[in-house]
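The lines below spell out each chain.
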Amino acid sequence: MPGLEVKLHKLTLKNPVLTASGTFGYGVEFDDFIDVNALGGIIVKATTSLHREGNPYPRMAETPMGMLNAVGLQNKGVDYFVENIYPKLLKYNNCVIANVSDSTVEGYVEVAEKMNRLDHIQAIELNISCPNVKEGGMAFGTSCPSASAVTRAVREVYDKTLIVKLSPNVTSIVDIALAVEEAGADAVSLINTLLGMAINAETRRPVLSTVTGGLSGPAIKPVALRMVWQVAKAVKIPVIGIGGISSATDAIEFLLAGASAVQVGTANFTDPQTTVKIIAGIEDYLRRHKIAEVKELTGGLLL
Amino acid sequence: MKKYILDLKVLSNRALNQNHHLLELGSDEPLPVMVPGQFAEVRVDGSPSTYLRRPFSIHRVDRGANTMHLLIKSVGDGTRHLAELKKNDSLNIMLPLGNGFTLTRNSEVLLVGGGCGVAPLYFLAEQLFRQGNKVSMLIGGRSAGDILLAGEYRAFGNVYLATEDGSLGEKGMVTAHSVLKKEVSSFKKIYCCGPDGMMRAVAHIAAANKIECEVSLENTMACGIGACLCCVVETNQGNQCVCTEGPVFDPLRLKNWSTAVETGCSLDQ
């Protein structure tokens, strides 16, 4: 049987398949459909320092091979998370990762500090790339000094594995990746959603309440693959690939481009069993190609 | 209730009018337990422009025959594709999703449906009838051709009709029907599904007459299981997902729903 284990800094994942934050709730929503513990890990819905109502409805527009969303980080805040959601995550024995966002550096630091005290949260993913909030979110992830500053500030208070999730809505994602690596990130994950827009021609109005939103799904896969390839060549820390992954073949393409692990996002909506099917498909691929360990695929692109 | 992903077989596809089809689905395995008001997320195969599943109310369940029905309104590529399904085609479906209506016993109830809003009301009327309720139905549409399945609802009680052009039943908006005027106080509960304006108007009539009410909301959904937080509605407790907290709500819980609707509503939307 081929080896599926991968390492991400200090973390050992039983396989390289994770779930993308905001597409998998807190895991429990999927318990009826899959054994969540079979996954390499889960990255739960973003947590901010304070309760957030998110954006008004409509928050979603379907697009060719994908969707736009404008949820806007709806969540009940870090204290509610610690008291009410964290206990429900204790039943998962795989890697549980929290996604951390906010509108100020102080907010990021507060959430990170509180997450640092939770034994069962083995890593955090710093979300400096959400396009759907007026302040913070993507604003931090689109310039090197601000991406570096928030990463550095969180690094000072967070001892475990620190992943930084990058925005594709930049001129050079490689520069941002290098900046957060230098500021102390242990890994980078990319890409978050691409800023997009939908218009209803009949009503002459935007479809989303926020006018613009984040594009995800298979439509963004080629852009994501290109960015993962560029970043993986430039940084020394592990890269986690995200963007339209819906099948084992998609996942393997990201590994070959240089990713050490992948996150499955929007595909969870169309088929809640996508993640476990991808794990089985990767195993099958390794067998067919007589590859002993999945980590041998990382960066294995032939040029 | 445990949720399932199943491949069901299309047993029949009956056109009710140009835009509405009734799909009968079956399985070799016993269908999961479902309650009126719950919904299903259907995968649309073979339609390149349709990426996400489509939510539909569970229209009817026949335990004895192990079959269920979905009422499909063609509004876009995905639903048009589903409307073209043929006998023996396979349909991948996630169900049962959301919370159902609260069922009363031995009471007097009114069910109000507008257009394809009648979809969840057949299953509901049948269950309410079985639980000893005196059931009345009020169904509205733009024209006679838009009144769906009125004949089938007669099995459970009185059926009142309203069309905007007066081609069937009372002329005018469903919300202006005489059954919602003087007689309305005889009902202990009103269940409603239809266009937003219609449900708001019915909710207001119910509140004004101190009658319990439940409405079934429609919303644009992605996941259907509370993971994406796209299908929210503003409630007195903040934004809540229609898919997991609903789709059935007491309108008194919904923000700004108990205020008067001045213009009634048009089904032309």
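Residues numbered from 1 in each chain as written. Chains lettered and ligands numbered in written order. Predicted model: local features only at pLDDT ≥ 70, side-chain atom pairs only at ≥ 80, totals over all residues.

Visitor: When you look at the overall build of chain B in this model, what are you seeing that I'm missing?
Guide: In terms of regular secondary structure, chain B is built from five helices and 16 strands. Relative to a compact globule of 269 residues, whose C-alpha radius of gyration would be 18 Å, chain B shows 18 Å and is just as compact. The principal-axis extents of the C-alpha atoms in chain B amount to approximately 50 × 40 × 35 Å. Scored against the burial criterion, the 269 residues of chain B give a buried share of 50%. The long-range fraction of contacts in chain B, counting pairs at least 24 apart against all pairs at least 6 apart in sequence, stands at 63%. (Helix = DSSP H or I, 4+ residues; strand = E, 2+ residues; numbered from the N terminus. Rg over C-alpha atoms; globule rule 2.2 N^0.38 Å. Buried ≥ 20, exposed ≤ 12 C-beta atoms within 10 Å, placed from the backbone. Contact = placed C-beta atoms within 7 Å.)

Visitor: Sorry if this is basic, but what is going on with the overall build of chain A here?
Guide: Counting its regular elements, chain A contains nine helices and 16 strands. Computed over its C-alpha atoms, the radius of gyration of chain A comes to 18 Å, within 12% of the 19 Å expected for a compact globule of 303 residues. Its C-alpha atoms give chain A principal-axis dimensions of about 55 × 50 × 40 Å. Looking at chain A residue by residue over its 303 residues, the buried ones come to 57%.

Visitor: It is not clear to me how the interface of chain B and chain A should be interpreted in this structure. Could you clarify?
Guide: By a frequent convention, interface size equals the accessible area lost on bringing the separate parts together. Facing the 21 residues of chain B at the interface are 26 residues of chain A. Counted by class, the side of chain B that touches chain A contains twelve nonpolar, five polar and four charged residues. (Nonpolar A, V, L, I, M, F, W, Y, C, P; charged D, E, K, R; others polar.)

Visitor: Would you mind showing me how to read unusual backbone geometry here?
Guide: Note on backbone geometry: most residues besides glycine have negative phi, and most peptide bonds are trans. Backbone torsion omega between A:L190 and A:I191 reads 10°, so that peptide bond is classified as cis. With respect to the helices, strands and loops of the structure, A:I191 is situated in the loop between strand 10 (187-190) and strand 11 (194-197). A cis amide bond links B:L95 to the next residue, B:P96, at an omega of -10°. Relative to the elements of secondary structure, B:P96 occurs in strand 7 (residues 90-97). With a phi close to 70°, A:V211 is a non-glycine residue in the positive phi region. Relative to the helices and strands, A:V211 is located in the loop between strand 13 (205-206) and strand 14 (212-216).

Visitor: When you look at helix 5 (residues 173-182) of chain A in this model, what are you seeing that I'm missing?
Guide: An α-helix turns once every 3.6 residues. As a result, residues three or four positions apart point the same way. Those residues of helix 5 of chain A that fall on the buried side of the exposure criterion are A:I173, A:I176, A:A177, A:A179, A:V180 and A:E181. On its buried face, helix 5 of chain A is in contact with helix 3 (138-141), helix 4 (144-157), strand 9 (161-165), strand 10 and helix 6 (221-234) of chain A.

Visitor: Where do I start with the sheet that holds strand 7 of chain B in this structure?
Guide: Strands in a sheet are paired, the pairing made by backbone hydrogen bonds, and the direction either parallel or antiparallel. Residue and element names in this part refer to chain B. Taken together, the seven strands give an open sheet; going across it, the order is 4-3-7-1-2-6-5, and neighbouring strands pair in antiparallel fashion. Single-partner strands in this sheet number two, and they are strand 4 (54-57) and strand 5 (60-62). Taken pair by pair, the neighbouring strands of this sheet meet at an average axis angle of 35°, ignoring direction. When strand 1 (residues 4-15) meets strand 7, the two strands line up antiparallel, connected through six bridges. The partner of K9 across the bridge, within strand 7, is S90. (Pairing = 2+ DSSP bridges. Axes fitted to C-alpha atoms, helices over the stretch in contact; angles between N-to-C directions.)

Visitor: I tried to follow the domain arrangement of chain B on my own but got confused; where do I start?
Guide: Residue and element names in this part refer to chain B. Domains assigned within chain B are domain 1 (4-97) and domain 2 (108-253). For domain 1 versus domain 2, the separation of C-alpha centres amounts to 21 Å. The partner domain 2 presents 18 residues to the 20 residues of domain 1 that form the contact. At the level of elements, strand 3 (39-42), strand 4, strand 5, strand 6 (67-73) and strand 7 are the ones that each hand at least two residues to the side of domain 1 that touches domain 2. The residue inventory of the side of domain 1 that touches domain 2, partitioned by class, reads eleven nonpolar, five polar and four charged. (Domains from an automatic or database assignment.)

Visitor: Please clarify how the confidence of the model for chain B should be interpreted in this entry.
Guide: The predicted structure's coordinates, where accompanied by low pLDDT, should not be read in detail. Residue and element names in this part refer to chain B. Predicted confidence across chain B gives a mean pLDDT of 93, with 96% of residues reaching 70 or more. Below pLDDT 50 for its whole length, residues 262-269 participates in 20 contacts with residues either more than four positions away or in separate chains. Interface predicted TM-score (ipTM) for the complex: 0.93; the corresponding pTM is 0.94. (pLDDT = per-residue confidence, 0-100.)

Visitor: Just checking my understanding: could you explain the sheet that holds strand 14 of chain A for this structure?
Guide: All names here are of chain A. Read from one edge of the open sheet, four strands run 5-6-14-11, paired in antiparallel fashion. Two strands lie at the open edges of the sheet, namely strand 5 (60-63) and strand 11, each paired on one side alone. Between one strand axis and the next, the sheet turns by 40° as a mean value, whatever way the strands run. Bridging between strand 6 (residues 66-69) and strand 14 involves three bridges; their strand directions are antiparallel.

Visitor: Just to check I follow, could you spell out the packing of helix 2 (residues 105-116) of chain A against helix 4 of chain A for this structure?
Guide: Each pair of packed helices can be described by the angle between their axes along with the distance between the axes. All names here are of chain A. Interhelical geometry of helix 2 versus helix 4 gives an angle of 30° and a closest axis separation of 9 Å. The angle between the axes of helix 2 and helix 4 places the two elements in the roughly parallel class. The element helix 2 and its partner helix 4 pack so that their crossing is right-handed. In this structure, helix 2 uses V105, Y108, V109, A112, E113 and N116 to contact helix 4, whose residues at the interface are A149, V150, A153, V154 and V157. Its residues assigned to classes, the contact of helix 2 with helix 4 shows nine nonpolar, one polar and one charged. (Parallel < 35°, antiparallel > 145°, perpendicular 65-115°, else oblique. Left-handed = near helix turned anticlockwise from the far one by under 90°.)

Visitor: Whenever I open this one, the packing of helix 7 (residues 248-257) of chain A against helix 9 (residues 274-288) of chain A confuses me. Can you help?
Guide: All names here are of chain A. In the contact formed by helix 7 and helix 9, the axes pass within 8 Å of each other and the chain directions differ by 65°. On the basis of the axis angle, helix 7 is roughly perpendicular to helix 9. Crossing hand, helix 7 versus helix 9: right-handed. Of the residues in helix 9, those touching helix 7 at A248, A251 and I252 are I278, G281, I282 and Y285. Its residues assigned to classes, the contact of helix 7 with helix 9 comprises six nonpolar, one polar and no charged.

Visitor: Would you mind showing me how to read the pairing of strand 15 (residues 239-242) of chain A here?
Guide: Across a regular strand the side chains alternate sides, sitting on one face of the sheet and then on the other. Residues and elements named next belong to chain A. Burial of the side chains of strand 15 extends over both faces: V239 and G241 are buried on one face and I240 and I242 on the other. Pairing between strand 10 and strand 15: three bridges, direction parallel. The residue bridging V188 from the neighbouring strand is V239, located in strand 15. Where strand 15 lies against strand 16 (residues 261-264), three bridges are found, and the strand directions are parallel.

Visitor: What am I meant to see in the environment of A:C130 here?
Guide: Residues and elements named next belong to chain A. The topology assignment puts C130 in the loop between strand 8 (121-127) and helix 3. Owing to 26 C-beta atoms within 10 Å, C130 belongs among the buried residues under this scheme. In this structure the C-alpha to C-alpha distance between C130 and L195, which are 65 residues apart in sequence, comes to 9.5 Å. Sequence-distant contacts of C130, defined by excluding residues within four places in its chain, comprise A46, L73, S101, G137, M138 and N192.

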